[in-house]
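Okay, here's what each chain looks like letter by letter:
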Amino acid sequence: MSTYIVMLGPPGAGKGTQAQNISERLGLPHISSGDIFRENLKGPTDLGKVAREYMDRGELVPDDVTIAMIRERLARPDCENGALLDGFPRTPAQAKALEEMLNEFDDGIDMVPYISVPEAVLIDRLTGRSTCRAQGHIYHVRNNPPKEAGKCDIDGSELYQREDDNINTVNRRIRVYMEQTEPLIDYYRQKNVLVELRGDQPIEKVTEDLMEAIRGDL
Ligand code: AMP
């Protein structure tokens, strides 16, 4: 059996940061749907062209496109032992599709860490965030600055502000999360895989809580 972990929480909760912190320790690939879309914007590929208009508005890329992309990604050899999913699923239809995909591999979701953070904190985190061009490593101007301004500590690449990390799009993304993604909290709670974590703590403390929950659960 492989291990599938789904990181759940609003934009800015720290799903990506935490997934980056634990992926290596768990030996699971970090699969961020947002990162894959952003890679496709660079090309730009056909997928990137479709995704851009939704991403720029802070809305969700249609389910069929997103599900096909994740299906392809999970079928790759590096996911042989499972995956750490960040940003997918984001709608009930995506959650159903993920279950069907894992059923095909005779597998299922092992755990859904849900990171909760008050809305005011989310806005501050997203509008102060910078992201590394090469691999999507995440920083924050005050809470988690790079050692050298504008440069990623890990791979030395340029840090930039994501186009959707401006206040208007951030507000839209949070509303979209409430409408379309929040129902998944109850969905996974009922399936007994949800573990709630407080995300408004220092990054290292959240990582510690997350690792403890994973050790106790898997
Ligand atoms: P993120 O990097 O997770 O904040 O995602 C950035 C943007 O990519 C989102 O605002 C959506 O436009 C798109 N996106 C990422 N994941 C999904 C998903 N699972 N379903 C639909 N759209 C997504």
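Data block above holds the structure.
Description of the structure in this document.

How each quantity is defined
- Residues numbered from 1 in each chain as written.
- Predicted model: local features only at pLDDT ≥ 70, side-chain atom pairs only at ≥ 80, totals over all residues.
- Heavy atoms only, no water.
- Near = heavy atom within 4 Å.
- Polar contact = N/O pair within 3.5 Å; in protein donor to acceptor, adjacent residues only side chain to side chain.
- Areas by Shrake-Rupley, 256 points an atom, 1.4 Å probe, with all protein chains shown as cover.
- Nonpolar A, V, L, I, M, F, W, Y, C, P; charged D, E, K, R; others polar.
- Buried < 20%, exposed > 50% of the residue type's maximum accessible area, 1.4 Å probe, protein only.
- Helix = DSSP H or I, 4+ residues; strand = E, 2+ residues; numbered from the N terminus.
- Pairing = 2+ DSSP bridges.
- Phe/Tyr/Trp six-rings, centres within 6.5 Å; stacked < 30°, edge-to-face > 60°.
- Lys NZ or Arg CZ within 6 Å of the ring centre and 35° of its normal.

## So, the site of the ligand
Close to the ligand lie 16 residues, the nearest being S33, R38, E59, G87 and Q94. Measuring from an oxygen atom of the ligand, one finds a side-chain N or O atom of R173 at 3.4 Å. Protein chains shield 95% of the accessible area of the ligand, which is 480 Å² for the free molecule. Among the residues forming the shell around the ligand, the class breakdown is five nonpolar, five polar and six charged.

## Some words on the pairing of strand 4 (residues 112-116)
Put simply, side chains in a regular strand alternate between the two faces of the sheet. Most of strand 4 is tucked away, with four of its five residues classed as buried. As paired strands, strand 4 and strand 8 (residues 194-198) are joined by five bridges and run parallel to one another. When the bridges of strand 8 are listed, S116 appears paired with R198.

## Some remarks on the packing of aromatic side chains
What describes a pair of aromatic rings is the distance from one ring centre to the other and the angle between the planes of the rings. Applying the stated criterion across every chain, the model contains one aromatic pair. For the pair Y187 and Y188, a centre-to-centre distance of 5.2 Å together with 75° between the ring planes defines the contact as edge-to-face. Per residue, the accessibility class of Y187 equals that of Y188, and both read buried. A cation sits over an aromatic face here: R57 above Y54, 5.4 Å from the ring centre. One cation-aromatic arrangement involves R133 over Y160; the distance from NZ or CZ to the ring centre is 4.2 Å.

Just geometry here; none of it tells us what the structure is for.
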